[in-house]
Structures are given as structure tokens and as C-alpha cells.
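# Summary of the model geometry
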Amino acid sequence: MFLIRISDIYIRMENKDFIQMIDEFMRRPKTLIGWPSWYELPDNIRELRMKIPLAINGITTDGSIVLVAYPYAAEQNYSIMLIYKQCISRIDWDYEEHVNSSDAPESIISLFIDGPHYHSWEDNKRFCRGGLLPERLENARPLSDKIRGFDNVFRWFLGELNVVQPPAGLIELPPRVKLL
Amino acid sequence: MITTEEIIQSLTRFTSVKQYQDVIRVSTHCLYPSNGKVSVFIVGGNNSFMVKDEGGALKAIYPLAELPKNIDKRIFNIIRNYGLQVKNGNIYSRLVTKEQLPATILLVANASKEVADQFVGKFNSKLKRNFRDELAKLLDGQFHNRLHRDFQSIGQSNKLHKFAYAIDLFDERKLLINTVVNDPNSINACVVSTLDVKQANHSHLNQMIIYDEGENWRSESISLLQIGAPVVAYSHCREAIQKIERNQGLVNPF
């Protein structure tokens, strides 16, 4: 049994029950709350962030969607994350190589991914230990070629997470800044 | 299986008809954008009646920052196809017979609703549905015997904070409820009081912040409020409080 903090209350539960609780969080329909905006990090102006709280049945949760954009990057580069205490699912839109763990579901064929990829909770929940979330999301799958353009990627990700689609134009990627 | 009679009965409960001297007020099934019910008023006698909304559409979107001068013309453009008239914001029908009355009630109610719907979009008005008044009524109706107003609790700083409401829960536990509107002063005051009381670790107290989701909130404001206590949309506060009672203090299992 592990002591797990949920909304300021500590509850004793087994690791498998903890995973089931997050599974349930993933299954429940969630909504984005408020009108978000990008903000610069004080120690890194080249990175912009946006945080949008998630609610279930109108009540805020420990979950949120966090977007990170790098407008100064040479190629388009951003991440969209589902945070539940820490990152439990993420899309990395970059052109760097990702190497999967050898402890990956059988349906993940390639250990190497070159290009945009998706770290799902389903592929990474096996790394939960002792009522703790995985420190890193080791496993990922390449993002389908059919999902292109920030808005499509963002909406696809929300669909995967059972988050109600926001109105058009709520979130746009900040424009890229060309270096002189 | 529910019977048709039961459905008819339950729908009837939503409609009320009351007489005030020479006017009859009919509360219809239509809803304004603020979720207030559309009422229409019937005047006349014998077999000649007029149905009007008494400016209900404008009252429902009150307060607009500034209503345009040609308000009647704008309303008329919206209700033209209903065959209705407007004067000083009051939407009204021509004189109708007893047989025509039910359909006319429907037309005026729907026209009034449509005007309110369209004006909200056009003038981007903030729907001040007086959320605090509505919340007071809701809590009073639901938790009358267990409700305390202007409840005071001490924070870790030793400062005494005032909360809009407290509800007695099980085992002498209490739920403190803070209300907040979309204004920096209100947000800051709410965060300070909930956070200070939270830091005090009173084991018998739970907290909840209720906000009016009809306002245009910034995501970061909600995130900030969340530091102090779970934030609950007004329209979900009743079920959230019931959840707390069921889950013995846990507002949300996530």
C-alpha cells in the first residue's frame, strides 16, 4: 500500500489501484477551462508556455494541458502535454530521434522514431512504480502522416484524452521568429 | 418506463400562470442566455388579447454597456418574421382571439429569447445574472438548516478570514465556500483567504471556490484560484457539494 496525495488528501492504495484511478481520469470527459495565453519563462525567453486547467463535471482537477512552443527554433518545434501532477501523455512535434524502451508494448514495432511522436499514457503506465508516476515517458509511437498542422495535432491529442474540443481559434501556435 | 402522463405532469411543473390584477403572467419553457425563464404577459378581455414580453429580452441581458439608440429598429429586424411589434424594447403581438392565444404566447416568448440571444452575441455583453444572489438562493434552498453565512475561520497567519458560506457536513466537518468574480481584487482576496486557511491545516474544514462560468475567465486565473481550493463552476456547485458529502470531504477524486 502506498500513500498517495489526491486533491490535498492522502489516500492509501495499491499501485494497480493508482493506475486504475488514472485510467478512469483518462476515460472521463474533461473540459478546458478559461481563455489561455502564452507566457515567457523568466529564465528562457526562447520558450513559451501555456497552461489550461482541466475540469470534470465543472470541478477543477489536478490535471491540465500544458503547451510548450519554441518560436526561435530553426524548424517548427512544440510539445503538448497532459499533466496530472506530472506529464503522463505528450506529443513532441520535433525532428529529433526518439528511442523507445525495450519494455514497450508489442504493438510498438520500431524502437527508433524519427520525427513527430506521441507518448501515450497507455504505452507508459507500465512504468508506474510504488504509487508513483513514471519519471519519463519512455515509449512513443510516430504520429500518423495524416495528422499535420498544429490545430489538427492539438485537436487529435484532445480527442485521445477525452477532452471536449474547444471553440475554433482558442489556441494558436505563436508565430515563428526568424533569426537574423 | 415513464408514462406520457408523467412526462406531461413534469413539464407542467415548469410552466406557471399567475394573475396580477388585469395582467396574466405566463412563465414559459423558453430560456434566456442567462438561463432565466422567459415570461410573457397577457392583457385584454372578452375575445381580444395582447401578449407582450414587457422588455424581458432587454432585462435579461442587462446591463449592456450601452444600448444603441435605435434599439426598437434593431429588435424589429430580429422579430420581423414573427409578425410582432416593438416599442421601447417591449415586444408585443397584435390583438388576437382566445384560439390564437397559445400560439401567440409561443411566438412572443421565442421572439424575446431570440432577441436576447442575438444581442448577447452582437454587443458581447457580460451576462451579469447576479450570480451571488442566485447562489444564495440555491444554497439556502438546498442546505437551509446547515448553512452559515459570513462564516469566519482563522488562517495560519492568525488572520481571521470571512467566507461567504459554510455548510455543516458529517462528523462536525464544515465546507467553507468562497465566491469569486472575474476581477483581480476578488481573485486575489479569494486566493489569500483560502490559501491561508488551507495552510492552517484545520482537519475539520474543507474548502471550495465557486465561480460564475458565464464570465470570460482567463485560464491562469482559474489555475491561481486552484492553489487555494478546488474551483467549481456555479452550474455544478450543487452536485459538487453532494459529492463532498458522499466522498467524505474529497471534492473531486481526480
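Anything mentioned here points back to the structure above.
Residues numbered from 1 in each chain as written. Chains lettered and ligands numbered in written order. Predicted model: local features only at pLDDT ≥ 70, side-chain atom pairs only at ≥ 80, totals over all residues. Heavy atoms only, no water.

### Quick word on the overall build of chain A
Put simply, the rule is: Strands here are runs of E lasting at least two residues and helices are runs of H or I lasting at least four, both read from the DSSP assignment and numbered beginning at the N terminus. Only protein chains enter the calculation, and the probe is 1.4 Å; a residue is then buried if its accessible area is under 20% of its type maximum, exposed if over 50%, and partly exposed in between. Residues are treated as being in contact if the distance between any of their heavy atoms lies within 4.5 Å. Computed with a 1.4 Å probe, the accessible areas rest on the Shrake-Rupley method; for each residue, only the protein chains presented here act as cover.
When helices and strands are tallied, chain A shows three helices and twelve strands. By residue count, 51% of the 180 residues in chain A fall in the buried class. Looking at chain A alone, contacts between residues at least 24 apart form 48% of all its contacts between residues at least 6 apart. Counting only carbon and sulfur atoms, one obtains 52% of the accessible surface of chain A, whose full area is about 9,500 Å².

### Observations concerning the layout of surface pockets
Rolled over the atoms, a probe as big as a water molecule pinpoints where empty space is left. Using the following cut-off: Buriedness of a pocket was judged along seven lines, with at least five required to meet protein on both sides within 12 Å; pockets are open sets of points on a 1 Å grid over the protein atoms alone, cavities are sets where a 1.4 Å probe fits but cannot get out, and lining residues have an atom within 4 Å of a point. Grid points are joined across faces, edges and corners, and a volume is the space filled by probe spheres set on the points. Charged means Asp, Glu, Lys or Arg here, nonpolar means Ala, Val, Leu, Ile, Met, Phe, Trp, Tyr, Cys or Pro, and polar covers whatever is left, Gly included.
Of the voids in this model, the second largest pocket is the one considered here, and its volume is about 470 Å³. Along its surface, the second largest pocket is lined by 21 residues, and L32, I33 and G34 of chain A together with Y211 and E213 of chain B are the ones closest to its centre. Looking at the lining of the second largest pocket residue by residue, the classes come out as ten nonpolar, nine polar and two charged.

### So, the pattern of salt bridges
Residues and elements named next belong to chain A. To be explicit about the condition: By convention in these notes, a salt bridge is any Lys or Arg side-chain nitrogen within 4 Å of a carboxyl oxygen on Asp or Glu.
Evaluation of the coordinates by the stated rule reveals 17 salt bridges over all chains. Across the pair K125 and D23 runs a salt bridge whose closest N-O atoms are separated by 3.1 Å. Here the residue K125 occupies a position in the loop between α2 (121-124) and β12 (141-142), and D23 occupies one in helix α1 (residues 15-27), the gap between them amounting to 102 residues. A single network of salt bridges, built from pairs that share partners, joins D23, E122 and K125.

### Here's the deal with the environment of R173 of chain B
Residues and elements named next belong to chain B. Looking at the element boundaries, R173 is found in the loop between β8 (160-168) and β9 (174-180). Under the relative-accessibility criterion, R173 is labelled buried at 19%. Residues R173 and E245, spaced 72 residues apart in sequence, show a C-alpha to C-alpha distance of 10.0 Å. Discounting residues that sit within four places of it in the chain, R173 has contacts with I167, D168, S203, H204, L205 and N206.

### Topic: the interface of chain B and chain A
The test is simple: Buried surface area refers to the total accessible area, computed with a probe of radius 1.4 Å, that the two partners give up upon joining, counted for both partners together. Contacts described as polar in this section are N or O atom pairs within 3.5 Å, which, within protein, must combine one atom able to donate a hydrogen with one able to accept it, while residues neighboring in sequence count only if both atoms come from side chains.
Chain B puts 24 residues into the contact, and the matching count from chain A is 25 residues. Note on chain B versus chain A: buried area summed over both sides is about 2,100 Å², and carbon and sulfur give 53% of it. Our enumeration of links across chain B and chain A arrives at zero salt bridges. The tally of links between chain B and chain A comes to eleven residue pairs in polar contact (both at pLDDT 80 or more).

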